[in-house]
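# Survey of secondary and tertiary structure
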Amino acid sequence: MQVNISREYQRQVNLGEYQVIRSSDNRAEVKCKDKRWKVLLDEKKCSCRVWHVKGISCVHAAAFIALMRETNWDKYVDPYFTIENFKEAYGLEIAPMPTEDE
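Model, not experiment: these values are computed from the prediction.

## A look at helix α3 (residues 59-67)
- Counted residue by residue, α3 has 8 buried out of 9 residues, so it is predominantly covered.
- Along α3, the residues classified as buried are Val59, His60, Ala61, Ala62, Ala63, Phe64, Ile65 and Ala66.
- With its phi angle positive at about 60 degrees, Arg69 sits one or two positions after the end of α3.

## Concerning the state of the cysteines
- All chains considered together, the criterion is met by 0 disulfides.
- Just so you know, Cys46 is unpaired, no disulfide at all, and the nearest cysteine sulfur is the one on Cys48, 3.6 Å from it.
- A relative accessible area of 24% means that Cys48 is categorised as partly exposed.

## Observations regarding unusual backbone geometry
- Not every positive phi belongs to a glycine, and Asp34 is a case in point at roughly 65 degrees.
- The class of Asp34 is exposed, set by a relative accessible area of 86%.
- Positive phi is not limited to glycine here, since Lys44 has a value of about 55 degrees.
- Mapped onto the fold, Lys44 is located in the loop between β3 (35-40) and β4 (45-46).

## Observations concerning the sheet that holds strand β1 (residues 19-22)
- On the basis of which strands lie adjacent, the open sheet formed by 4 strands has the order β1-β2-β3-β4 and antiparallel pairing. Either end of the sheet is taken by a strand with one partner, and the two such strands are β1 and β4.
- Judged from the 2 bridges that link them, β3 and β4 form a sheet pairing that is antiparallel. Paired with Leu40 across the strands is Lys45, a residue of β4.
- Against the sheet, α3 touches β1, β2 (27-32), β3 and β4, its axis set at about 70 degrees to β1.

Scoring rules and cut-offs
Residues numbered from 1 in each chain as written. Predicted model: local features only at pLDDT ≥ 70, side-chain atom pairs only at ≥ 80, totals over all residues. Heavy atoms only, no water. Buried < 20%, exposed > 50% of the residue type's maximum accessible area, 1.4 Å probe, protein only. Helix = DSSP H or I, 4+ residues; strand = E, 2+ residues; numbered from the N terminus. Disulfide = S-S within 2.5 Å. Pairing = 2+ DSSP bridges. Contact = heavy atoms within 4.5 Å. Axes fitted to C-alpha atoms, helices over the stretch in contact; angles between N-to-C directions.

Put into structure tokens, the structure is as follows:
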């Protein structure tokens with residue numbers, strides 16, 4: 001699966017409003033409008049908890065990932081959202097239901 005959302009996501013959400021202060025390759029504090037969040041990329045966690053709940057990186061993590069100019073967003077998305085898992089879930093044939101007359 002190739003998640004090619006970086007440019008589109010940046011157009012929809014103004015990531016320029018977010019200030020990213022890196023403390024290591026995978027850890028940063030993200031600030032915006034007097035609020036701050038701790039982002040841990042290797043653990044796929046943000047203190048806002050959106051990433052943990054939804055399985056898709058939150059805007060704070062996206063700001064950090066965009067700062068790194070990372071092109072492979074796949075590694076920051078839960079495997080549940082892969083095309084392969086979608087095809088596996090919906091790949092079975094569904095037989096038509098018989099009518100009451102049959």
